[in-house]
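# A look at the structure
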Amino acid sequence: MSDAGTARAAREFTRLVEIMATLRGPDGCPWDREQTIDSLKPFVLEETYEVLEAIDRHDHAALCEELGDFVFEAVFLAQLEAEAGEFGIADSLQRISDKLVRRHPHVFERGEGEAALDSAGQVRTRWEEIKAQERGKSETPKTLLSGIAPALPALLRAYHIGVRAASVGFDWTAPADIVGKIQEEVDELREVVESPGAVDQSRAEEEMGDLLFSIANLSRKLGIEPETALRKANDKFTRRFGVLEKAVADSGRAMKEMPLAELETEWQRVKSLAPSKE
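Residues numbered from 1 in each chain as written. Predicted model: local features only at pLDDT ≥ 70, side-chain atom pairs only at ≥ 80, totals over all residues. Heavy atoms only, no water.

Before going further, it helps to examine the overall build of the protein chain. A count of helical and extended segments in the protein chain gives 12 helices and 0 strands. When the helices and strands of the protein chain are placed in sequence order, the string is α-α-α-α-α-α-α-α-α-α-α-α. Relative to the 2.2 N^0.38 estimate, which gives 19 Å for 278 residues, the radius of gyration of the protein chain is 25 Å and therefore markedly larger than a compact globule would have. The dimensions of the protein chain, computed from C-alpha atoms along their principal axes, are 65 × 50 × 40 Å. With 278 residues in all, the protein chain has 23% of them scored as buried. Taken as a whole, the protein chain presents about 18800 Å² of accessible surface, with 58% of it coming from carbon and sulfur. (Helix = DSSP H or I, 4+ residues; strand = E, 2+ residues; numbered from the N terminus. Rg over C-alpha atoms; globule rule 2.2 N^0.38 Å. Buried < 20%, exposed > 50% of the residue type's maximum accessible area, 1.4 Å probe, protein only. Areas by Shrake-Rupley, 256 points an atom, 1.4 Å probe, with all protein chains shown as cover.)

And the structure:
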């Protein structure tokens, strides 16, 4: 970024912080003044997913707008914390800047003998080493996995758990090994489902969880972020199901009155009409 671009970013960020303070001020907005860090949680989550949706579409204009909304939520939360005497947005910015410099010695400490790194893999390994050192120095030491937010979507959390475990060598050797593990979990789930009598829901839930965890790790091993992959699969199914609904409605029939075999035939026809990339 040029000096002019950096200066403009600083001005606009300062303007946003000042606007937020005004909204929360005595003569500000009643809605904004009512908010708490807890009441803002759904909005933070919503803005996060709107950013992801814009990225999935490669809609750069939308991404520009959604990133602004995303940053606004961060400023809003920091304003509330500042009012409570906890910290301000400057403290958050200082912490992330310090952390980035500290965890990129291969960039910022080359003059002090730190070796440059040549690949993303080397960077990830060095990053985890530094994080491990930080955990060891902490007054309240963390384990390798404790820093992963429990509030993450479960599939994404499973992915990050796998990343952390793999950083210390606790990992499958190759993707094919995980495929074998997935088949093992499928067999165990099939055993529960096909057992005589009522399905043991507790065991079925446990086996299903093991299966999903293994799938998340296969995704990681293949370099695929599972939340994105599943989100795209959801969108694809939604588009195709919409076409199916319309085709059935145009024929004067109702889906719930059609035999499953007939619905499957129509579904295959819809799939055959989809773009090849789907």
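Turning to the pattern of salt bridges, a few remarks are in order. In this structure the tally under the stated criterion is 18 salt bridges. A salt bridge links Glu-83 to Arg-24, with the shortest nitrogen-to-oxygen separation between them at 2.5 Å. With a gap of 59 residues between them, Glu-83 in helix H4 (residues 60-83) and Arg-24 in helix H1 (residues 3-24) connect regions that are remote in the sequence. Taking relative accessible area as the criterion, Arg-24 reaches 16% and is therefore assigned buried. The salt bridge involving Glu-266 is made with Arg-269; its shortest N-O contact spans 2.6 Å. (Salt bridge = Lys/Arg side-chain N within 4 Å of Asp/Glu carboxyl O.)

Glancing now at unusual backbone geometry. Positive phi is not limited to glycine here, since His-58 has a value of about 55°. Locating His-58 in the fold gives a position in the loop between helix H3 (41-57) and H4.

Relative to the elements of secondary structure, Glu-185 occurs in helix H9 (residues 175-194). According to the relative accessible area criterion, Glu-185 is buried, its value standing at 4%. Look past the residues within four positions of Glu-185 in its chain and what remains in contact with it is Glu-207, Asp-210, Leu-211 and Ser-214. (Contact = heavy atoms within 4.5 Å.)

Take the packing of aromatic side chains next. Counting across every chain of the model gives 4 aromatic pairs. For the ring pair Phe-237 and Trp-267, a centre distance of 5.1 Å and an interplane angle of 45° mean the geometry is tilted. Here the residue Phe-237 occupies a position in helix H11 (residues 226-250), and Trp-267 occupies one in helix H12 (residues 260-273), the gap between them amounting to 30 residues. Classification of Phe-237 as partly exposed rests on a relative accessible area of 46%. Chaining the aromatic ring pairs together yields one cluster made of Phe-237, Phe-241 and Trp-267. (Phe/Tyr/Trp six-rings, centres within 6.5 Å; stacked < 30°, edge-to-face > 60°.)

As a further point, take a nonpolar patch on the surface. The grouping of Leu-93, Ile-96 and Leu-100 at the surface amounts to a nonpolar patch, some 230 Å² of accessible area in total. For Ile-96, a relative accessible area of 39% puts it in the partly exposed group. (Patch = residues over 30% accessible without salt bridge, like charges linked within 9 Å, V, L, I, M, F, W, Y side chains within 5 Å.)

With that settled, the discussion passes to H12. Taking 1.5 Å of rise per residue, the 14 residues of H12 would be expected to cover 20 Å, and the 20 Å separating its terminal C-alpha atoms lies within 8% of that figure. Taken residue by residue, H12 has Leu-263, Glu-266, Trp-267 and Val-270 as its buried positions. For H12, the arc enclosing every buried residue in end-on projection is 105°, short of the 170-degree limit, so these residues lie on one face. Facing away from the buried surface of H12 by more than 90 degrees, the exposed residues are Ala-261, Thr-265 and Ser-272. Its buried side turned inward, H12 meets H11. (Expected span 1.5 Å × (residues − 1). Arc of directions from axis to C-beta.)

Looking now at the nonpolar core. Listed in full, the 6 residues of the largest apolar core are Leu-244, Val-248, Met-258, Leu-263, Trp-267 and Val-270. Counting residues per element, this core draws most heavily on H12, which supplies 3 residues. (Core = buried A, V, L, I, M, F, W, Y, C linked by side-chain atoms within 4.5 Å.)

Attention now goes to the packing of helix H8 (residues 154-167) against helix H10 (residues 201-221). One can describe the packing of H8 onto H10 by two numbers: an axis separation of 8 Å at closest approach and a directional angle of 60°. In terms of orientation, H8 and H10 fall into the oblique class. Crossing hand, H8 versus H10: right-handed. On H10, the residues touching Leu-155, Ala-158, Tyr-159, Ile-161, Gly-162, Val-163 and Ala-166 of H8 are Leu-212, Phe-213, Ala-216, Asn-217 and Arg-220. (Axes fitted to C-alpha atoms, helices over the stretch in contact; angles between N-to-C directions. Parallel < 35°, antiparallel > 145°, perpendicular 65-115°, else oblique. Left-handed = near helix turned anticlockwise from the far one by under 90°.)

All quantities given are derived from atomic positions and should not be read as evidence of function.
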